[in-house]
Amino acid sequence: MNTTTGPLVLIEPYAHRGGGHHQRTLAALATARPDSLVIAPGGLSEDVGPVQSGSRVAVGPAGPAAKILLAVARAAARVSAAGQQIFASRRWPLAVRRSPHQVTLLARCLTEAACLRTARRLAPRASAVVILSANEALHGVAALLGGTPHLRFIHEAVTTEDRPVRWLGRLARRGEKRVIALYPTTAVRDQIMAAFPHLPGEVRAFAVDDGRPLTDAERDGARTAFTIPADAKAVCVVGGWWPYKDIATIDAALARLTTPLHVLVCGAPLDDAVLTRWHQLPHVRLHTVPGPVGDQVLRLVYAAADAALVTRKPGVGKESGLVMDAARLAVPLIVSAHDPALTARLTGEPWARLFPAGDPDTLAKTLDHLTDQAPVRPGPSAPGALDMNSAADQAAFLTDTYTRLTKECRR
């Protein structure tokens, strides 16, 4: 075990955004390690407010190199935003439409480098330096410009590298030896390693168990808050309706219901036209909580539901914060079989009900039978079924892994 006593450095470029499991993981890790240094270049949302009462927080760059890198990163981000508007039309060639997104990759890389320089200045003897939401490209460039070995959680590959960015990455390939990538799922690992075969990495669940499952008092209070009778059945649909979410299957399933069901919707963005349609369905009682919301409101939504409903399109293999939420909060789960690895983990679990991805008929039958065939509440072993660790264990893993990385860098 590592015995280094330096602070745990947690870099979260998106700490200013609310309502995400990335922010909750940051807060949980910082709480587990009160000596942490949190670097949040965009500031902190209310979700990670508790961090401010314990750990040190840096929301600005420290040192001239960090200031220059962050200034260039923000300029690049503005160029990217303008380019996405200018080149949005399909009349432009694909390479031109993709160019602003390539600039985004560069902007994110420079932001990471600025944060790493800040970590080097403020915590030169850190027990670990971790980017919690890392760029999917330019890993070596970030390490070389940042001047600090680090761990980086890569959650998905939204944008692939075009030739100029790929060349830049190849020039900085030696910097990849100063990095260990952490992939929340095997699907993400396989996707990233296909593009970066030389990048060291391993699979590690990102979400952590904060040891705060919902209480009976919270459940009773939530039912009262949403005026849902004790004998009624309710499901919650949490999170923004992003393209990888299969809202169409939920839409079709709700139209097929034959028994009453309360549906709690919480998140952003949502589709007002779809919500209007659900509100008009004869068997649906709709409750809408526009997001993003803080952790207390999120707990209220989960507490009011008999089950969380998670639907994704087939083949989506990134970690689902909603599935992790169900396990850590002890909320029964109804989930599509969109990811073979996740399906294998959940098969046979009494707290999870699986249905074929894209199958509204089976989903409708599952929802209709919530009264007599409801999944049980997850017990203390549920997080383990998903390889989810406690915040303390995750912090220890990050420290040990970083120690191994720094030893390899000195060879």
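As a starting point, this report considers the structure included with it. (Residues numbered from 1 in each chain as written. Predicted model: local features only at pLDDT ≥ 70, side-chain atom pairs only at ≥ 80, totals over all residues. Heavy atoms only, no water.)

Focus on the overall build of the chain
Phase 1 of the analysis: A count of helices and strands for the chain gives 15 helices and 15 strands.
Phase 2 of the analysis: By principal-axis analysis of the C-alpha atoms, the chain measures approximately 65 × 55 × 35 Å.
Phase 3 of the analysis: Per-residue burial for the chain yields a buried fraction of 53% across its 411 residues.
Phase 4 of the analysis: Taking the intrachain contacts of the chain between residues at least 6 apart in sequence as the baseline, contacts between residues at least 24 apart amount to 73%.
Phase 5 of the analysis: For the chain, the accessible area works out to roughly 18,000 Å², and carbon and sulfur atoms hold 56% of it.
Phase 6 of the analysis: Each charge class in the chain can be summarised by its mean position, and for the 47 positive and 36 negative side chains these summaries are 11 Å apart. (Helix = DSSP H or I, 4+ residues; strand = E, 2+ residues; numbered from the N terminus. Buried < 20%, exposed > 50% of the residue type's maximum accessible area, 1.4 Å probe, protein only. Contact = heavy atoms within 4.5 Å. Areas by Shrake-Rupley, 256 points an atom, 1.4 Å probe, with all protein chains shown as cover. Lys, Arg positive; Asp, Glu negative; His and termini not counted. Charge placed at Lys NZ, Arg CZ, Asp CG, Glu CD.)

What to know about the packing of aromatic side chains
Phase 1 of the analysis: Enumeration according to the criterion identifies 3 aromatic pairs in this entry.
Phase 2 of the analysis: Relative to Phe-206, the ring of Phe-153 has its centre 5.0 Å away and its plane inclined at 75°; by these criteria the two rings are edge-to-face. Remark: Phe-206 occurs in the loop between strand E7 (201-203) and strand E8 (208-209) and Phe-153 occurs in strand E5 (residues 150-153); sequence separation between them is 53 residues. Side by side, Phe-153 and Phe-206 carry an identical accessibility label, which is buried. (Phe/Tyr/Trp six-rings, centres within 6.5 Å; stacked < 30°, edge-to-face > 60°.)

Remarks on the packing of helix H2 (residues 64-86) against helix H3 (residues 94-122)
Phase 1 of the analysis: Between H2 and H3, whose axes approach to 8 Å, the crossing angle comes to 160°. In terms of orientation, H2 and H3 fall into the roughly antiparallel class. In this structure, H2 crosses over H3, and the sense of that crossing is left-handed.
Phase 2 of the analysis: Among the residues making up the contact of H2 with H3, the classes are represented as 16 nonpolar, 7 polar and 2 charged. (Axes fitted to C-alpha atoms, helices over the stretch in contact; angles between N-to-C directions. Parallel < 35°, antiparallel > 145°, perpendicular 65-115°, else oblique. Left-handed = near helix turned anticlockwise from the far one by under 90°. Nonpolar A, V, L, I, M, F, W, Y, C, P; charged D, E, K, R; others polar.)

Regarding the environment of Thr-5
Phase 1 of the analysis: Within the secondary structure layout, Thr-5 lies in the segment before strand E1 (8-11).
Phase 2 of the analysis: Measuring from C-alpha to C-alpha, the distance between Thr-5 and Thr-399 comes to 9.9 Å, with 394 residues separating the pair along the chain.

As for the pairing of strand E6 (residues 179-183)
Phase 1 of the analysis: Burial within E6 is extensive, with 5 of its 5 residues counted as buried.
Phase 2 of the analysis: The two faces of E6 match: Val-179, Ala-181 and Tyr-183 on one face and Ile-180 and Leu-182 on the other face are all buried.
Phase 3 of the analysis: Sheet topology note: the E5/E6 ladder contains 4 bridges and is parallel. When the sheet's bridge partners are listed, His-150 is paired in E6 with Val-179. (Pairing = 2+ DSSP bridges.)

Things to note about a nonpolar patch on the surface
Phase 1 of the analysis: Taken together, the side chains of Leu-106, Leu-168 and Leu-171 present a nonpolar region at the surface, about 280 Å² in accessible area.
Phase 2 of the analysis: Mapped onto the elements of the fold, Leu-106 is located in helix H3. (Patch = residues over 30% accessible without salt bridge, like charges linked within 9 Å, V, L, I, M, F, W, Y side chains within 5 Å. Salt bridge = Lys/Arg side-chain N within 4 Å of Asp/Glu carboxyl O.)

Examining the pattern of salt bridges
Phase 1 of the analysis: All told, the structure shown has 19 salt bridges when counted by the stated rule.
Phase 2 of the analysis: Here Glu-218 ties to Arg-299 by a salt bridge, and the two come within 2.9 Å at their closest N and O atoms. Of this pair, Glu-218 sits in helix H7 (residues 216-225) while Arg-299 sits in helix H10 (residues 295-304), and the two are 81 residues apart along the sequence.
Phase 3 of the analysis: Look at Glu-218 and you get partly exposed, because its relative accessible area is 24%.
Phase 4 of the analysis: By relative accessible area, which is 5% here, Arg-299 ends up buried.
Phase 5 of the analysis: Ionic pairing is found between Asp-325 and Arg-328, a salt bridge with its closest N-O pair at 3.0 Å. Taken together, the positions of Asp-325 and Arg-328, both in helix H11 (residues 321-329) and 3 residues apart, correspond to about one turn of that helix.

Remarks on the sheet that holds strand E14 (residues 352-355)
Phase 1 of the analysis: Spatially, the 6 strands line up as an open sheet ordered E11-E10-E9-E12-E13-E14, and their pairing is parallel. The sheet is open, and its two edges are formed by strand E11 (284-290) and E14, each paired on a single side. Along the sheet, successive strands turn relative to each other by an average axial angle of 20°, direction set aside.
Phase 2 of the analysis: In the sheet, strand E10 (residues 261-267) pairs with E11 via 7 bridges, with the strands oriented parallel. If you follow Val-263 over to E11, its bridge partner there is Leu-286.
Phase 3 of the analysis: Across the sheet, H10 touches strand E9 (234-238), E10, E11 and strand E12 (307-310), and the angle it forms with E9 is around 145°.

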